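# A structural walkthrough
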Amino acid sequence: MADEQKIVVEVPSSSGHYSPVTNTADLSLLEEFKKGWISAIALPDNLPDLAYTLASSVAIPALLSSCWVSIPIPGFIRLGVLGMLVMAGVFVMYLRQVVPEVKDILLLRVGLVAVGVLLGI
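Glancing now at the overall build of the protein chain. Across its full length, the protein chain holds 4 helices and 0 strands. Mapped in sequence order, the helices and strands of the protein chain form the string α-α-α-α. Taken across its 121 residues, the protein chain has 12% of its residues classed as buried. As presented, the protein chain carries roughly 10,000 Å² of accessible surface, and 69% of it is formed by carbon and sulfur atoms.

Quick look at the structure:
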């Protein structure tokens, strides 16, 4: 019993304000989340992949908005797509606030999608 290690616990007084110790596992998960989004949104390093990414960021929304205008789509499908676009916009604004490192690249990507939508109309 002499080999047992003593554990000292400090109990804060009830009158003082204290903040609980943050769990380092939670912090590492948050950092992992941020790093994942930073690497997902970042532009590629090599020129062919960069050209493909930029072209597809404009061409795919242009194709979809062109189909939106020219093909007769039932109203409930249009409403559902608009609802998904609103949810995606809210998620982009949330991601912009949570991970400030991606603000510029995210703005560039949203701008390219907006140019594609305008070209398709």
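Now for the side chain of Thr-53. The residue Thr-53 is located in helix 2 (residues 47-70) in this model. Classification of Thr-53 as buried rests on a relative accessible area of 15%. Excluding residues that lie within four positions of it along the chain, Thr-53 makes contacts with Leu-43, Pro-44 and Arg-109.

With 5 residues, the main nonpolar core is built from Ile-41, Leu-95, Val-99, Val-102 and Leu-106. Other than its neighbours up to four places away in sequence, Leu-95 contacts Trp-37, Ile-41 and Val-102.

A few words on the side chain of Ser-65. Note on placement: Ser-65 falls in helix 2. By relative accessible area, Ser-65 is classed as buried at 8%. Not counting the four nearest positions on each side in its chain, Ser-65 is found in contact with Gly-116, Val-117, Gly-120 and Ile-121.

What follows is about the packing of helix 2 against helix 4 (residues 103-120). Helix 4 packs onto helix 2 with a crossing angle of 40° between their chain directions and a minimal axis gap of 7 Å. For the element pair helix 2 / helix 4, the angle class is oblique. Helix 2 and helix 4 meet at a crossing whose hand is right-handed. Here Thr-53, Leu-54, Ser-57, Val-58, Pro-61, Ala-62, Ser-65 and Ser-66 of helix 2 come into contact with helix 4, specifically with Arg-109, Leu-112, Val-113, Val-115, Gly-116, Val-117, Leu-119 and Gly-120.

This next bit is on the packing of aromatic side chains. Evaluation of the coordinates by the stated rule reveals 2 aromatic pairs. Centroid distance Phe-33 to Trp-37: 6.5 Å. Interplanar angle 70°. Geometry classified as edge-to-face. Note that Phe-33 and Trp-37 are positioned in helix 1 (residues 24-41) at a spacing of 4 residues, about one turn of the helix. Taking the relative accessible area as the measure of exposure, Phe-33 reaches 34% and is therefore partly exposed. Judged by its relative accessible area of 27%, Trp-37 is partly exposed.

On the surface, Val-69, Val-113, Val-117, Leu-118 and Ile-121 cluster together to form a nonpolar patch covering roughly 470 Å² of accessible area. Looking at which element gives the most residues to the nonpolar patch, the answer is helix 4, with 3 residues. Secondary-structure assignment places Val-117 in helix 4. By relative accessible area, which is 31% here, Val-117 ends up partly exposed.

Below, the discussion takes up the environment of Leu-54. Here Leu-54 is to be found in helix 2. Assessed through its relative accessible area of 31%, Leu-54 is described here as partly exposed. For the pair Leu-54 and Arg-109, spaced 55 residues apart in sequence, the C-alpha to C-alpha distance is 8.2 Å. Setting aside chain neighbours within four positions, we find Leu-54 in contact with Leu-43 and Leu-112.

Parameters and conventions
Residues numbered from 1 in each chain as written. Predicted model: local features only at pLDDT ≥ 70, side-chain atom pairs only at ≥ 80, totals over all residues. Heavy atoms only, no water. Helix = DSSP H or I, 4+ residues; strand = E, 2+ residues; numbered from the N terminus. Buried < 20%, exposed > 50% of the residue type's maximum accessible area, 1.4 Å probe, protein only. Areas by Shrake-Rupley, 256 points an atom, 1.4 Å probe, with all protein chains shown as cover. Contact = heavy atoms within 4.5 Å. Core = buried A, V, L, I, M, F, W, Y, C linked by side-chain atoms within 4.5 Å. Axes fitted to C-alpha atoms, helices over the stretch in contact; angles between N-to-C directions. Parallel < 35°, antiparallel > 145°, perpendicular 65-115°, else oblique. Left-handed = near helix turned anticlockwise from the far one by under 90°. Phe/Tyr/Trp six-rings, centres within 6.5 Å; stacked < 30°, edge-to-face > 60°. Patch = residues over 30% accessible without salt bridge, like charges linked within 9 Å, V, L, I, M, F, W, Y side chains within 5 Å. Salt bridge = Lys/Arg side-chain N within 4 Å of Asp/Glu carboxyl O.

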